[in-house]
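# Commentary on secondary and tertiary structure
Here are the chains, one letter per residue:
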Amino acid sequence: MNINELVMEARAKGASDIHLSASIPTTWRIHGTLYDCGHTITSKDAREMIMSLLSDEQLNELEAGNDLDFAFETPDFCRQRVNVFRFMGKLAATIRLLNDRIPTLASLNLPGVLTKLADEPRGLILVTGPTGSGKSTTLAAMIDHINHSRPEHILTIEDPIEYMYTLDKATIHQREVGRDVKSFSAALRSALREDPDIILVGEMRDYETISAAVTAAETGHLVMSTLHTIGAAQTIDRIIDSCPPEKQNQIRTQLGSVLKGVITQSLIPTADGRGRIAATEILIGTDAACNLIRENKCHQLQTVMQSGANFGMHTLNADLAHLVAEGKISRENAFAVSPDKSDLSEFIR
């Protein structure tokens, strides 16, 4: 068995990830749960599979002690995102199996307000959630909605490039960090000279990137990005805390003027065990929400979301309770991801 055969079989099983390691049994994740792949893959085989994916330049990076992030394509034209790393002197890879086509927002069962957000001409939109919660897929669906609806110049900055877009009405340039540009922040500095309408930043990792992204949103662009946070209020706090103390008041003011929305999502196993469904928390950048951000009162954003249904807002617990009431997820799984279990109990009751 080679790496392409392993990946294609995992896809046929409905897996989202493969864990391939020398000396440890190979597993794949299906609907959030790890299973043995069912094949005897020796340490030598696993190492050879991983090494077959690497270029000479990547081999040099690995030998220098660096982890690797990249994407590759199987013969069926499906793309995979890969992280190669060492553990106890041995080689391992985690392979994320990306959708073979970009899904629509409707097919992902995401709230309709995401389409309205994608139609915004300018501002900042953040998609957040834990690792493996579908952030990249949601952003890709929003970008593809723009691609099919209006003639804009879309510039993406990714590490690595995950989804490939088929051009329709939009002009799209996809830049890969490490191959096309040195860093997210360097790409953002250049972006303002490249006449973009929409800028997708794969991840806001540091102050330099955050500052450049917010400035781009201030200067009339629609900027979309991700963070690894588990709630709207936590997202704003994380951005502000990533900035030097003397810059935090400035970033609050900037966020208060450019924020259009924060979408937090978690993928939860469905009640029938046949898949996963997204539970979301939506914060819209209304005057009330942005005033709280400027005044450093993010702890009150929960109240704004609870009372903002007319704008498309809701809390994660409200959506979890809704999914339980519709029989789409179990109570146990709802409580497992809830940030406030007593609050969820009240919603369900």
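This one's a predicted model, so the numbers in the text were calculated from it and none came from an experiment.

## Quick word on the overall build of the chain
Counting secondary structure elements, the chain contains 14 helices and 13 strands. For 349 residues, the compact-globule formula gives about 20 Å, and the C-alpha radius of gyration of the chain, at 21 Å, lands near that figure. Along the first, second and third principal axes, the C-alpha atoms of the chain reach 60 × 55 × 40 Å. Counting all 349 residues of the chain, 50% fall into the buried class. Considering only contacts in the chain between residues 6 or more positions apart, those separated by 24 or more positions represent 56%. Here the chain has roughly 16,200 Å² of accessible surface; of this, 47% comes from carbon and sulfur atoms. Taking the average location of the 34 positive side-chain charges in the chain and that of its 45 negative ones, the two points are 2 Å from each other.

## Some remarks on the nonpolar core
In terms of nonpolar packing, the biggest core is built from 71 residues, with Leu124, Met224, Ile236, Leu283 and Leu301 touching the most fellow members. When sequence neighbours within four positions are dropped, the list of residues in contact with leucine 301 reads Ala233, Ile236, Leu283, Ala289, Leu292 and Ile293. Counting residues in each nonpolar core, the second largest holds 27 residues, with Ile3, Ile30, Val82 and Val84 among its members.

## Examining the sheet that holds strand 4 (residues 68–73)
Spatially, 3-2-1-6-5-4 is the arrangement adopted by the 6 strands of the open sheet, whose pairing is antiparallel. On the outer flanks of this sheet lie strand 3 (33–36) and strand 4, each paired with one strand and no other. Pairs of neighbouring strands in the sheet enclose a mean axial angle of 25°, with direction left out of account. Here strand 1 (residues 15–21) runs beside strand 6 (residues 90–97); their pairing, made up of 5 bridges, is antiparallel. Within strand 6, the residue paired with serine 21 across the bridge is alanine 92.

## Some remarks on the pattern of salt bridges
By the definition in use, this model includes 13 salt bridges. In this structure, aspartate 119 engages arginine 150 in a salt bridge whose closest nitrogen and oxygen atoms are separated by 3.6 Å. Remark: arginine 150 occurs in the loop between helix 5 (135–147) and strand 8 (153–158) and aspartate 119 occurs in the loop between helix 4 (113–118) and strand 7 (123–128); sequence separation between them is 31 residues. Aspartate 119 sits in the partly exposed class, given a relative accessible area of 39%. When its relative accessible area of 14% is taken as the criterion, arginine 150 is described as buried. A salt bridge links glutamate 194 to arginine 175; the shortest N-O distance between them is 3.7 Å.

## Quick notes on helix 3 (residues 56–63)
The set of residues buried in helix 3 consists of Gln58, Leu59 and Leu62. Along helix 3, the residues classed as buried sweep out an arc of 105° about the axis, all on the same side. Residues Asp56, Glu57, Asn60 and Glu63 are exposed on helix 3 and point more than 90 degrees away from its buried face. Glycine 65, located one to two residues past helix 3, shows a positive phi value of around 95°.

## Some details on unusual backbone geometry
Backbone torsion omega between aspartate 159 and proline 160 reads -5°, so that peptide bond is classified as cis. Topologically, proline 160 is positioned in the loop between strand 8 and strand 9 (171–176). The backbone phi angle of methionine 88 is positive, close to 50°, even though this residue is not glycine. Positionally, methionine 88 belongs in the loop between strand 5 (79–87) and strand 6. The residue asparagine 109 is not glycine, and still its phi comes out positive at about 60°.

## Observations concerning the packing of helix 12 (residues 316–325) against helix 14 (residues 341–348)
Orientation of helix 12 relative to helix 14, taken along the N-to-C sense of each, is 45°, at an axis distance of 9 Å. The pairing of helix 12 with helix 14 is recorded here as oblique in orientation. Handedness of the crossing formed by helix 12 with helix 14: right-handed. For the pair helix 12 and helix 14, the contacting residues are Asn317, Ala318, Leu320, Ala321 and Val324 in the first and Asp343, Leu344, Phe347 and Ile348 in the second. Looking at the contact of helix 12 with helix 14, its residues break down into 7 nonpolar, 1 polar and 1 charged.

## Observations concerning the state of the cysteines
All chains considered together, the criterion is met by 0 disulfides. Between cysteine 243, a cysteine without a disulfide, and cysteine 298, which holds the nearest cysteine sulfur, the sulfur-to-sulfur distance is 12 Å. On the basis of relative accessibility, which here comes to 4%, the residue cysteine 243 falls in the buried class. In this structure cysteine 298 is not part of a disulfide, and its nearest cysteine sulfur, from cysteine 290, lies 10 Å away. According to the relative accessible area criterion, cysteine 298 is buried, its value standing at 3%.

Cut-off values and rules
- Residues numbered from 1 in each chain as written.
- Predicted model: local features only at pLDDT ≥ 70, side-chain atom pairs only at ≥ 80, totals over all residues.
- Heavy atoms only, no water.
- Helix = DSSP H or I, 4+ residues; strand = E, 2+ residues; numbered from the N terminus.
- Rg over C-alpha atoms; globule rule 2.2 N^0.38 Å.
- Buried < 20%, exposed > 50% of the residue type's maximum accessible area, 1.4 Å probe, protein only.
- Contact = heavy atoms within 4.5 Å.
- Areas by Shrake-Rupley, 256 points an atom, 1.4 Å probe, with all protein chains shown as cover.
- Lys, Arg positive; Asp, Glu negative; His and termini not counted.
- Charge placed at Lys NZ, Arg CZ, Asp CG, Glu CD.
- Core = buried A, V, L, I, M, F, W, Y, C linked by side-chain atoms within 4.5 Å.
- Pairing = 2+ DSSP bridges.
- Axes fitted to C-alpha atoms, helices over the stretch in contact; angles between N-to-C directions.
- Salt bridge = Lys/Arg side-chain N within 4 Å of Asp/Glu carboxyl O.
- Arc of directions from axis to C-beta.
- Parallel < 35°, antiparallel > 145°, perpendicular 65-115°, else oblique.
- Left-handed = near helix turned anticlockwise from the far one by under 90°.
- Nonpolar A, V, L, I, M, F, W, Y, C, P; charged D, E, K, R; others polar.
- Disulfide = S-S within 2.5 Å.

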